[in-house]
Amino acid sequence: MATDLTTPRTVARPDVASIQRRTLRLLFTTQIIGGIGVTIGIAVGALLAARIAGTAVAGVAQSAGVVGAALLAVPVTRIMARHGRRPGLVLAYAIGAVGGVLVVLAAATRWVPLLFLGMLLFGGGTAANLQARYTAVDLAEPARRGRQLSLIVWATTIGAVAAPNFAALADRVTTGWGLPPLAGPFAFSAAAFVLAAVVLLGLLRPDPLLTARRLAAADAPAAGPPLAAAPATAVVAEAPAAGAGVTPATAPVKVRAPRAAGMRTAWSVVRGRPAARLGIAAVAVGHLVMVAVMAMTPVRLGESHADADVLRLVGIVLSLHIAGMYAFSPVVGWLTDRFGRRAVILGGVGLLLAACAVAGTAGHHTPRLSVGLVLLGLGWSGTMVAGSTLLSESVPAGVRPSVQGFSDLIMGLAGAAAAVVSGFVMQFAGYPVLTLLAAVAAVPLVALALRPVPTGAPDEEG
């Protein structure tokens, strides 16, 4: 009897559950840190820009951060596709930290172009926070993906709600160091981004995306679907030819991610699907109204309060607003499943209209303005959750990531445009007119949501 010594040993599969638990704990921590850094900038960015360049330019500076997050997502995701999540997230946070430092320098020199550049790069922190949600589901079990993704979103909420209240403390501390007023919060943000980047660089190992690809590549030769049937974002395994002692199941594999469908393809898919168009419109219009009103609320508070009080009040009001955006999102999701996507979209629009009415007529009554901002956050949550759900289920799986990216692009452009216009409206017409125009912008979404929308499964061959 002979023993075959040429048969290779089967490579043990990694403990996916353990890696996923560790990844979630790490992401939860860094999302809190990153959320604090991002939201501090949102809280004082408009005020700092108004001090340096005037109220009309304050919205432009805010929109620079939104545009920066959208643009930086392109190189960050390319790096992730080639090298994994860890280098992409670290790069995004590092860019955000550089942006925070440039904003501090702009405040010290009062150089407006440097302020815009700093705010543009500051968007790297937002890009990192958004990409972390997808990192949470790389190794998640299919039945738990939604819960684990929502856990990371909730972590962002904790940081975002707490962040505005750190702005006054950071400003007091750094003013003693010689920094100009309102520059200190951005220095604090830069430090938070650096901390998040260092933690991820040292501890996000093994990389969840690369691990998922290796597992998919090992399983593909034995049980994977035919390549022709794989969606555009599927992982493809290329195994070398089998030789002595080498089988496709045990041979090393080279993994590559095929190029996903582009924006043109995404638009062609959305154009022929009324439900997808409604989903994108709900996300974009809700974001436009929210950004237009929220971006100028700190400036509105600054009109009637002294510098010693304005940062404290901005922190309280924006914390309530952000709580409205995120704290009840699980309830909004349940309502979306229970009563339907269009019903929740219409409810979200109703809350946005109510928010504009309350905030626009609040005058300088801060408690009433706070109620308006809470309603604004709740309305945004309704249009965002229901619209995103409707969009995702209305397009074939093969083009779904591209269509979702197209929706995020439209959302970002809508928010950036709203931030730019809001500053000019605030200076030349005032806050009540701004809220009125924001309410008018939401009305066409009501008509679109009331139109009959097919609810059947998307045609995979369409």
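Residues numbered from 1 in each chain as written. Predicted model: local features only at pLDDT ≥ 70, side-chain atom pairs only at ≥ 80, totals over all residues. Heavy atoms only, no water.

### Thoughts on the overall build of the protein chain
A tally of regular secondary structure across the protein chain gives 16 helices and 2 strands. Burial statistics for the protein chain: of 462 residues in total, 47% are counted as buried. Restricting the contact set of the protein chain to residue pairs at least 6 apart, pairs at least 24 apart contribute 81%. In the form shown here, the protein chain has an accessible surface area of approximately 21000 Å², with 67% of it arising from carbon and sulfur atoms. (Helix = DSSP H or I, 4+ residues; strand = E, 2+ residues; numbered from the N terminus. Buried < 20%, exposed > 50% of the residue type's maximum accessible area, 1.4 Å probe, protein only. Contact = heavy atoms within 4.5 Å. Areas by Shrake-Rupley, 256 points an atom, 1.4 Å probe, with all protein chains shown as cover.)

### Side note on the packing of aromatic side chains
The description of an aromatic ring pair rests on the distance of the ring centres and on the angle between the ring planes. Across all of its chains, the model carries 3 aromatic pairs by this definition. Between Tyr93 and Phe193 the ring centres are 5.9 Å apart and the planes differ by 35 degrees, which places this aromatic pair in the tilted class. Residue Tyr93 is located in helix 3 (residues 85-109), and its partner Phe193 is located in helix 7 (residues 184-203); the two are separated by 100 residues in the primary sequence. With respect to class, Tyr93 is no different from Phe193; both count as buried. (Phe/Tyr/Trp six-rings, centres within 6.5 Å; stacked < 30°, edge-to-face > 60°.)

### Details of the nonpolar core
Formed by 98 residues in total, the largest nonpolar core has its most connected members in Leu115, Met296, Leu376 and Tyr431. Among the elements that make up this core, the one with the highest residue count is helix 10 (residues 274-302) (16 residues). Of all hydrophobic cores here, the second largest spans 9 residues; its members include Val269, Ala276, Ile280 and Leu391. (Core = buried A, V, L, I, M, F, W, Y, C linked by side-chain atoms within 4.5 Å.)

### Description of helix 3
Between its terminal C-alpha atoms helix 3 stretches 36 Å, which fits the 36 Å expected from 25 residues at 1.5 Å a residue. In the stretch just after helix 3, Arg110 is the one whose phi turns positive, near 55 degrees. (Expected span 1.5 Å × (residues − 1).)

### Section: the confidence of the model for the protein chain
On average, residues of the protein chain carry a pLDDT of 77, and 77% of them reach 70 or more. Within the protein chain, no element has a lower average pLDDT than strand 1 (residues 236-238), which sits at 38, and none a higher one than helix 13 (residues 341-360), at 93. In the predicted structure, residues 1-11 sits below a pLDDT of 50 and forms 3 contacts with residues beyond four places in sequence or in another chain. Throughout residues 222-258 the model reports pLDDT below 50, and contacts reaching past four residues in sequence, or to other chains, amount to 39 contacts. (pLDDT = per-residue confidence, 0-100.)

### Some words on a nonpolar patch on the surface
Residues Phe166, Leu169, Val173, Trp177 and Phe188 make up a contiguous nonpolar surface patch of roughly 500 Å² in combined accessible area. At 3 residues, the largest contribution of residues to the nonpolar patch is made by helix 6 (residues 164-175). Positionally, Phe166 belongs in helix 6. (Patch = residues over 30% accessible without salt bridge, like charges linked within 9 Å, V, L, I, M, F, W, Y side chains within 5 Å. Salt bridge = Lys/Arg side-chain N within 4 Å of Asp/Glu carboxyl O.)

### Section: unusual backbone geometry
At the junction of Arg205 and Pro206, the peptide bond is cis and its omega measures out at -5 degrees in the coordinates. In this structure, Pro206 sits in the loop between helix 7 and helix 8 (208-223). With a phi angle near 55 degrees, Arg110 is a residue other than glycine that sits in the positive phi range. Summarising the element assignment, Arg110 is placed in the loop between helix 3 and helix 4 (112-135).

### With respect to the environment of Ala127
Structurally, the position occupied by Ala127 is in helix 4. Considered as a pair, Ala127 and Leu72 are 55 residues apart in the sequence and their alpha carbons are 6.8 Å apart.

### Structural notes on helix 13
Helix length check: helix 13 (20 residues) gives 28 Å between terminal C-alpha atoms against 28 Å at 1.5 Å per residue, within 8%. Within the span of helix 13, buried status applies to Arg341, Val344, Ile345, Gly348, Val349, Leu352, Ala355, Cys356, Val358, Ala359 and Gly360.

### Points about the packing of helix 1 (residues 16-53) against helix 3
Packed helix pairs are specified by the crossing angle of their axes together with the interaxial distance, meaning the distance between the axes. It is the contact of helix 1 with helix 3, at a shortest axis distance of 12 Å, that shows an interaxial angle of 25 degrees. Considering their axes alone, helix 1 and helix 3 lie roughly parallel with respect to each other. Regarding helix 1 and helix 3, the two cross each other, and that crossing is left-handed. The segment helix 1 lies against helix 3, with Leu27, Thr30, Gln31, Gly34, Leu48 and Ile52 engaging Leu89, Tyr93, Val103, Ala106 and Ala107. (Axes fitted to C-alpha atoms, helices over the stretch in contact; angles between N-to-C directions. Parallel < 35°, antiparallel > 145°, perpendicular 65-115°, else oblique. Left-handed = near helix turned anticlockwise from the far one by under 90°.)

### Description of the environment of His365
Residue placement: His365 occurs in the loop between helix 13 and helix 14 (366-393). A polar contact of 3.2 Å, which involves the side chain of His365, links it to the backbone nitrogen of Arg368. (Polar contact = N/O pair within 3.5 Å; in protein donor to acceptor, adjacent residues only side chain to side chain.)

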